[in-house]
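Structure at a glance
Chain residues, written in single-letter form:
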Amino acid sequence: MIARRLAAVDARDGRAVAATADVDSTYCIGDQLYVQPDARLAECFGVNEPIRMTRQEVAVARSHVEVWKTVATGTDDHVLVLEDDVWFRRGAAAAIDHGWTAALRRCRNDGGPHLLYLSYEDAGAERIDVCDALFRPVRGLWFLSGYVLSRKGAATLLRAMPVIGPVDMWINYRLKELGALALTSPAILQRQDGISDNSYSILPFLARAGIVDAGSRPKPPDRTRVGPIMAWTARGERESLAMALSMLGLRVRVFDADEQAIQATALRDLFEVFDALVDAPLASGALSSAIAMPDTKFLLEANALLRSDTESERLPPSRTSVLPEARPETGAWQPLCAVLGLSEPVQSYPLGAPRRMRLFRDDRPDVSSRSAVLSLRKAYPLDDSPWVLPPWSGWQPMPPTGRPVPFAGERLVHAAMTTATPLFPRLVETFPGNLSSFAQEGLVHDKDGAHLVLSKAGATARPYRSGAFASVRSFEYGRFEAEIRAASGSGLITGFFLHRDAPRQEIDVELAGNAPRYMLINVYFNPGDDGAAIGFGYRGSPCRIDLGFDSTLDFHLYTIDWRPGRIAWLVDGKTIHERVNWDPTPLPHLPMRLHANLWAPRSEELVGRIEDNALPATATFRNVSVWA
């Protein structure tokens, strides 16, 4: 056989990408810097900063390892290995023939080359022994889309395992041992005309270092409506099915099953907003109405708790599925996605949030029963995503309910910020959409607190330099406080917020320098367990609150009180805004770090254009505390 096609490892298969002796999924910033040195990345992170490979990267590495095993145990002295998303450049045949002839000549005493790159991306490769056809790379090559591997070379790679980190990065450490060669210029390239589902673990670090800047967060993929969906669960400690449906891109509302029975008219109204209802208590007429909808699908977990046996007996068998017990390592996505006609995500099937967190409940109060003075609260456009209420829901920010804020509890962390503290180390990084880079010199401590100073940066990748700090640890719920004097000036935002990635969740306080009487409040939510690489959202769900004073003139106490099912924002001890679940998003539920920064948005829509002649600008923080 001249050609043989080997199936790639599926990133969606939890067993296939689980930890094995073949691949170690944790690598370090230093490994990235070995292949592609970059002063900005080295300045932002220590060389031992750990990075966890994405499931796609693990799957690619495992796929190449399986190829190496096949080559090592085969009968061919040399094998051409091609990924399935490649194309040949014009003149590729001649270039490959010329390079192969030169490689055989160079390696005639060793039976030919053990590794010959036909395809690569040059990361500033160190080249030695250069001729018109070939060079010997010391390091600095990305991609393994097309290469020739000898049987001896495959055995050498297998002895060196585990692969640590992305396979194309790790193999740079093996180039000398293999005596690797590469064509002077690549003859084979990766195709750019298809949609790739690759996910790169290094990208968030490159973005924070200011090396890449997409300008905005990605938008959720287009959804094919698969609802209405009615689902009933066993009501275990964790709400796995609800989280899974949300990760599939559906608006999900969960019930506690002790609510008043939903009538048929109310059910139709619910399906105008939500795609899936979980554990909904239905009146008999509402169940009949759901059954009468020809597109409605009914999902039952094993041991699902319905109101009566009669309910399950009435469900149409052709549109009803009983889901097996979901275990991430057993391909749990398959039966659910097969029923819904959706592609399986690459993320692990979720354990789900603990029931006590009340995630995906619709806890919004009845707007008609409340008197509201909305002139002091302005809503901005929301993200169009499955994790924000749709535009036709008519969401508006409402005044506080008057409920007392829970007791703060024990003070876990306190820093006056008059001197540098390990509790809140300074940050050296940035993020997409930010015109400034956070630098060591952008944070200055004195008797008045921590001064974040934004100034012109000169000839650098970002035109401005500023300061930021963040808590060294993450917190799951609590009260977060700081005394802040915001920076004044157009184009500036003083930020105090909780944030996490994978999945991205965030709770914001932002003070705009061009409108110092107002505070911008925002919440970002993405579903998934800790580690799920879901990071959609650009606008979030912002609204603006009139403070009644100029935030740039003096210190005021700003508080985020984050509890299961409720977030309250306080200024000088007074609640000025609060949100509950689906108001208009589910609330963040995973541990987050506390951040403070002064930054300059690339977009002028929100806070105007920065005025260079007004710089430097300073925001000051003091007495930062965390209670739980």
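As a starting point, this report considers the structure included with it.

Parameters and conventions
- Residues numbered from 1 in each chain as written.
- Predicted model: local features only at pLDDT ≥ 70, side-chain atom pairs only at ≥ 80, totals over all residues.
- Heavy atoms only, no water.
- Helix = DSSP H or I, 4+ residues; strand = E, 2+ residues; numbered from the N terminus.
- Buried < 20%, exposed > 50% of the residue type's maximum accessible area, 1.4 Å probe, protein only.
- Contact = heavy atoms within 4.5 Å.
- Areas by Shrake-Rupley, 256 points an atom, 1.4 Å probe, with all protein chains shown as cover.
- Lys, Arg positive; Asp, Glu negative; His and termini not counted.
- Charge placed at Lys NZ, Arg CZ, Asp CG, Glu CD.
- Polar contact = N/O pair within 3.5 Å; in protein donor to acceptor, adjacent residues only side chain to side chain.
- Pairing = 2+ DSSP bridges.
- Axes fitted to C-alpha atoms, helices over the stretch in contact; angles between N-to-C directions.
- Arc of directions from axis to C-beta.
- Core = buried A, V, L, I, M, F, W, Y, C linked by side-chain atoms within 4.5 Å.
- Phe/Tyr/Trp six-rings, centres within 6.5 Å; stacked < 30°, edge-to-face > 60°.

**A short note on the overall build of the protein**
In terms of regular secondary structure, the protein is built from 13 helices and 36 strands. Taken along the three principal axes of its C-alpha coordinates, the protein extends 85 × 70 × 40 Å. When each of the 628 residues of the protein is scored for burial, the buried share is 53%. Here the contacts in the protein between residues at least 6 apart in sequence split such that 75% fall between residues at least 24 apart. As displayed, the protein has an accessible area near 28,100 Å², and 51% of this comes from carbon and sulfur atoms. Where the 69 positive side-chain charges of the protein centre and where its 75 negative ones centre are 1 Å apart.

**Thoughts on the environment of His114**
By the element assignment, His114 lies in the loop between helix H4 (92-106) and strand S6 (115-117). On the basis of relative accessibility, which here comes to 11%, the residue His114 falls in the buried class. Separated by 36 residues in sequence, His114 and Ser150 have C-alpha atoms that sit 4.7 Å apart. At 2.6 Å, the side chain of His114 and the side chain of Asp110 are in polar contact. A polar side-chain atom of His114 sits 2.8 Å from a polar atom in the side chain of Ser150.

**Concerning the sheet that holds strand S18 (residues 320-323)**
Here five strands make up an open sheet; going across it, the order is S15-S16-S13-S17-S18 and the pairing parallel. Each edge of the open sheet carries a strand with a single partner, namely strand S15 (252-254) and S18. On average, each strand axis in the sheet is tilted by 20° relative to the strand beside it, whichever way the strands run. Across four bridges, strand S17 (residues 297-301) lies against S18 in parallel orientation. Of the residues in S18, the one forming a bridge with Leu300 is Val322.

**Concerning helix H10 (residues 264-273)**
All of the buried residues in H10 are Leu267, Leu270, Phe271 and Val273. An end-on view of H10 places all buried positions within 150° of arc, on one side of the element. The outward face of H10, more than 90 degrees from its buried face, is lined by the exposed residues Thr265, Asp269 and Glu272. At its buried positions, H10 is contacted by strand S13 (229-232), S15, strand S16 (276-278) and helix H11 (284-292).

**A short note on the sheet that holds strand S9 (residues 146-150)**
The pairing of strands in a sheet comes from backbone hydrogen bonds and takes either a parallel or an antiparallel form. Reading across the sheet, the six strands line up as S4-S9-S6-S11-S8-S7 and stay open at both edges, with mixed pairing between neighbours. Whereas interior strands pair on both sides, the edge strands pair on one side only; in this sheet they are strand S4 (78-82) and strand S7 (121-128). Strand-to-strand twist of the sheet, defined as the mean angle between neighbouring strand axes without regard to direction, takes the value 40°. Strand direction decides the pairing type here: strand S8 (residues 134-142) and strand S11 (residues 181-183), joined by two bridges, are antiparallel. Bridge assignment links Leu134 to a residue of S11, and that residue is Leu183.

**Description of the nonpolar core**
Residues Met230, Leu245, Leu336, Phe469, Met519 and Trp569 are the most contacted members of the largest nonpolar core, which totals 106 residues. Apart from residues no more than four positions distant in its own chain, Met230 is found in contact with Leu267, Phe271, Leu277, Ala280, Leu282, Ala290, Thr296, Lys297, Phe298 and Leu299. Counting 45 residues, the second-largest nonpolar core is a separate cluster that includes Met53, Val58, Leu157 and Leu178.

**Some points on the packing of aromatic side chains**
A full pass over the atoms with the stated rule returns 18 aromatic pairs. With 5.7 Å between their ring centres and 85° between their planes, Phe469 and Phe621 make a pair best called edge-to-face. Placement of Phe469 in strand S26 (residues 468-470) and of Phe621 in strand S36 (residues 617-627) is noted, with a sequence separation of 152 residues between them. Side by side, Phe469 and Phe621 carry an identical accessibility label, which is buried.

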